[in-house]
Amino acid sequence: MMLQKTPTIGVVELPDFGLIDPKGENLLSGIRNKDRKGTALISKQVLLSNLQAGGFDAQLINLRDGDYQGEFGKVIWKGTELTKVYLGQKINALDPLAYDAWGVTNNFSQFREIACIIIKHLASKGRPVVVGGSDAIAESQFYFAAGATAVVLDKSGAANAPIMDYVLGKTPREALSGVILANGNQPPPRVRRPLSPEEWPLPEISVARQCLGSEHKGLPLPEERLLIGSVFTDIGCDRRCDFCQTPEYHIGYRAMSPERVLQWLEIQKEAGAKSVISSSDQFLGRLVQKGGRDDVLEIMQGIRELGLAVLWSNGLELKKMTLGRGINRKDADLTPDEELISALWDWDGKAGCYFAFIPAERPLFGQENYAKLLPWQEHCEIVKAIARAGTPYLNYGVIIGFSDDNVETLSRLEEAVGGLYEEILAINPSLHFQVSPLAISPIPGTKQGFNLRQSGLLRFDDPSIFGGMWTPSVDTHHLSYEDIANWQIRLMQIGNWNFEKE
């Protein structure tokens with residue numbers, strides 16, 4: 001009796017993307033390009049574990065890990081011709097027949113062309129290619145045109161095993177749902193029961209080790225902190241911001257229990273991690289649930305007991321760090337929750353919060369665009385409380401390029417953020433602080449993205465430009481996209497730390 005071969009799946013991490021100017025410099029990356037291949041692979045750890053638990057021999061193909069530079073197009077931005085390149089391993093060196101099926105994920109429009117080049121190559125010999133990620137969900141037609149067999153709509157992982165059964169010619173273990181098929185058949189767009197992160201299979205040590213990183217956005221981690229693990233503690237969101245795709249996934253908000261979070265972290269440490277990235281921007285969503293505050297305190301205590309440094313790479317919602325927990329009521333208490341802030345942001349020299357991105361978004365003007373934002377004075381009080389907690393590195397992200405932006409509004413933003421920086425530096429003189437002025441971007445699949453396209457202010461239809469927050473693509477009613485790009489450079493001067501563009 002012959003043993004049935006375990007189906008093999010090649011799970012592809014995309015190469016990095018660059019825009020090379022006539023001087024040969026990467027407009028997007030600067031010096032970070034040489035180390036970008038050391039970025040931790042956050043979502044791939046979850047996906048690999050999910051597929052392996054489903055009975056597949058899923059293997060990582062990290063195309064970011066390499067020094068090859070491949071050109072694939074040109075674009076003119078700010079009057080300069082830029083060369084589009086991918087950075088990592090040579091795509092054509094991949095054998096399309098090396099695996100029974102392929103998995104490719106892409107969340108960002110700026111990487112769309114690279115993803116489609118890879119899909120076209122992998123599908124060229126007839127092997128199925130299953131695609132996931134936010135950009136593929138929003139603009140699936142581009143991925144099908146490149147040769148994708150299916151696009152996964154479900155973000156929870158519940159659709160992964162059935163669609164892989166299907167494309168491999170097997171009877172799906174469950175009726176297909178949460179996917180789109182290239183052949184025109186349309187299963188139900190939502191899975192019957194999305195998975196909670198609590199149900200995600202724990203990664204094997206070998207998988208966690210493959211997904212470790214050795215750098216994070218140019219952050220000067222000491223040598224003893226250089227191996228970086230990752231944990232994705234929740235999915236979904238309790239907000240409905242118009243700039244974000246997450247509400248369109250209809251999965252609500254689902255979080256890991258403290259026990260499960262710590263199990264993931266223990267595996268990261270066993271794999272060699274000394275630091276860990278938490279890329280969820282809704283880690284504090286659990287605060288609106290019964291016992292959620294105690295859960296946060298328990299998780300943070302566990303991180304310290306494990307001796308890990310945590311990097312809040314996508315930011316934590318500041319409004320939820322108040323005594324009112326971010327619940328939108330007219331009488332909500334916006335006083336900083338000092339105990340919670342200390343737990344989240346304290347650094348004792350060995351463990352705790354070493355770095356964080358602060359999603360200030362538009363703190364002075366523009367709260368009406370983002371309902372989760374605090375009024376300016378309350379915002380400042382939270383940021384000052386964070387500074388008192390002792391975090392060594394803060395990157396402060398603001399959004400510029402709204403339709404009503406002009407020289408006056410941006411000048412007042414510059415003055416206000418500069419003043420806040422001086423205040424927090426007086427509280428914590430050893431703080432390293434930098435501003436990331438991100439340009440508004442028409443993210444496909446979002447209400448804001450639709451409105452920007454309808455406004456007539458969008459100047460580019462090339463995803464390599466409009467898909468990036470460091471390549472402004474939208475005029476305001478008063479300023480050109482070139483003006484916004486110049487304001488980015490100007491606002492980046494606030495602070496005392498040259499943080500890498502991301």
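A quick note: this is a predicted structure, and the numbers were derived from the prediction, not measured.

**Q** Please explain the overall build of the protein chain as it appears in this structure.
**A** Per the secondary structure count, the protein chain includes 14 helices and 17 strands. Over its C-alpha atoms the protein chain spans a radius of gyration of 22 Å, differing by no more than 12% from the 23 Å that the globule rule assigns to 502 residues. Expressed along its principal axes, the backbone C-alpha trace of the protein chain runs to roughly 75 × 55 × 45 Å. For the protein chain, buried positions account for 60% of its 502 residues. For the protein chain, long-range pairs separated by at least 24 residues make up 73% of all intrachain contacts whose partners lie at least 6 apart in sequence. A total of about 20700 Å² of accessible surface is found on the protein chain, and carbon and sulfur atoms cover 50% of it. Charge separation in the protein chain, taken as the distance between the mean sites of 51 positive and 62 negative side-chain charges, equals 4 Å.

**Q** What should I look at first to understand the nonpolar core in this one?
**A** As a rule of thumb, soluble globular proteins bury nonpolar side chains together. In this structure, Met321, Leu344, Trp345 and Tyr396 are the most contacted members of the largest nonpolar core, which totals 94 residues. Here this core takes eight residues from helix α10 (residues 376-389), the largest share from any one element. If near-sequence neighbours (up to four positions away) are discounted, Tyr396 is found in contact with Ile358, Ala360, Pro363, Trp376, His379, Val383, Val417, Leu420, Phe433, Gln434, Val435 and Ser436. Within the second largest apolar cluster, 35 residues are counted, among which are Val12, Ile91, Phe111 and Leu122.

**Q** Just checking my understanding: could you explain the pattern of salt bridges for this structure?
**A** Two side chains carrying opposite charge are able to pair once their charged atoms lie near each other. If you walk through the whole model with that rule in mind, you get 21 salt bridges. Here Asp165 makes a salt bridge to Arg173, at a shortest N to O gap of 2.7 Å. Overall, the relative accessible area of 4% leaves Asp165 in the buried class. On the basis of relative accessibility, which here comes to 44%, the residue Arg173 falls in the partly exposed class. Between Arg490 and Glu414 there is a salt bridge whose closest N-O contact spans 2.9 Å. Taken together, the residues Arg490 in helix α14 (residues 481-491) and Glu414 in helix α11 (residues 407-427) connect sequence positions 76 residues apart. Taken together, the salt bridges that share partners define one network made up of Glu13, Asp16, Lys44 and Arg64.

**Q** Got a minute to help me understand the packing of helix α9 (residues 338-345) against α10 in this structure?
**A** Geometry of a packed helix pair, given as the angle between the helix axes and the separation of the axes. The interhelical angle for the contact between α9 and α10, taken along N-to-C directions, is 55 degrees, at an axis separation of 9 Å. Relative to α10, α9 is oriented oblique. Every pair of crossing elements has a handedness; the one defined by α9 and α10 is right-handed. Each of Glu338, Ile341, Ser342 and Trp345 in α9 lies in contact with α10, whose residues at this interface are Ile382, Ala385, Ile386, Arg388 and Ala389. A breakdown of the residues in the contact of α9 with α10 according to their chemical character gives six nonpolar, one polar and two charged.

**Q** Could you clarify how one ought to interpret the environment of Leu373 in this entry?
**A** Summarising the element assignment, Leu373 is placed in the loop between β15 (352-361) and α10. Counting along the chain gives 153 residues from Leu373 to Pro220, while the straight-line C-alpha distance between them is 30 Å.

**Q** Whenever I open this one, the sheet that holds strand β14 (residues 309-312) confuses me. Can you help?
**A** Consider a sheet: its strands pair through backbone hydrogen bonds, and that pairing is either parallel or antiparallel. Pairing within the open sheet is parallel, and its six strands lie in the order β10-β13-β14-β15-β16-β17. Looking along the sheet, the strands with just one partner apiece sit at the ends: β10 (228-231) and β17 (432-439). Direction aside, neighbouring strands of the sheet carry axes that sit 20 degrees apart on average. Judged from the eight bridges that link them, strand β16 (residues 393-400) and β17 form a sheet pairing that is parallel. For Asn395, the partnering residue across the bridge sits in β17 and is Gln434. The sheet strands contacting α14 are β16 and β17, and the helix crosses β17 at an angle near 175 degrees.

Rules and cut-offs
All chains use their own residue numbering, which begins from 1 and follows the written sequence. Thresholds applied to this predicted model are a pLDDT of at least 70 for local features of residues and 80 or more for the giving and counting of side-chain atom pairs; totals over whole chains, interfaces and linings are not thresholded and use all residues. The basis for the side-chain values is all heavy atoms of the structure; hydrogens and waters are excluded. Only DSSP runs of H or I covering at least 4 residues are called helices, and only runs of E covering at least 2 are called strands; the numbering of each starts at the N terminus. Note on method: radius of gyration uses C-alpha positions; expected globular size equals 2.2 Å times residues raised to 0.38. Working definition: with a 1.4 Å probe on protein chains only, accessible area under 20% of the residue-type maximum means buried, over 50% means exposed, and in between means partly exposed. Contacts were defined at the residue level, with two residues in contact if any of their heavy atoms lie within 4.5 Å. All accessible-area figures derive from a Shrake-Rupley calculation using a 1.4 Å probe, and residue coverage is judged against the displayed protein chains alone. For this count, His and the chain ends are skipped, Lys and Arg are scored as positive, and Asp and Glu as negative. Note that the charge is assigned to NZ on lysines, CZ on arginines, CG on aspartates and CD on glutamates. What is meant by a nonpolar core is a set of buried Ala, Val, Leu, Ile, Met, Phe, Trp, Tyr and Cys residues, joined one to another through side-chain atoms within 4.5 Å. Every case where a carboxyl oxygen of Asp or Glu lies within 4 Å of a side-chain nitrogen of Lys or Arg is listed as a salt bridge. To obtain each axis, a line is fitted to C-alpha atoms, and for helices this fit is confined to the stretch in contact; angles are then taken between N-to-C directions over 0 to 180 degrees. An angle counts as roughly parallel when it lies under 35 degrees, as roughly antiparallel when it exceeds 145, as roughly perpendicular when it falls between 65 and 115, and as oblique in every other case. By convention the crossing between two helices is left-handed if the near helix lies anticlockwise of the far one by an angle smaller than a right angle, and right-handed if it lies clockwise. Classification used: nonpolar for Ala, Val, Leu, Ile, Met, Phe, Trp, Tyr, Cys and Pro, charged for Asp, Glu, Lys and Arg, polar for all others including Gly. Whether two strands pair comes down to DSSP finding at least two bridges between them.

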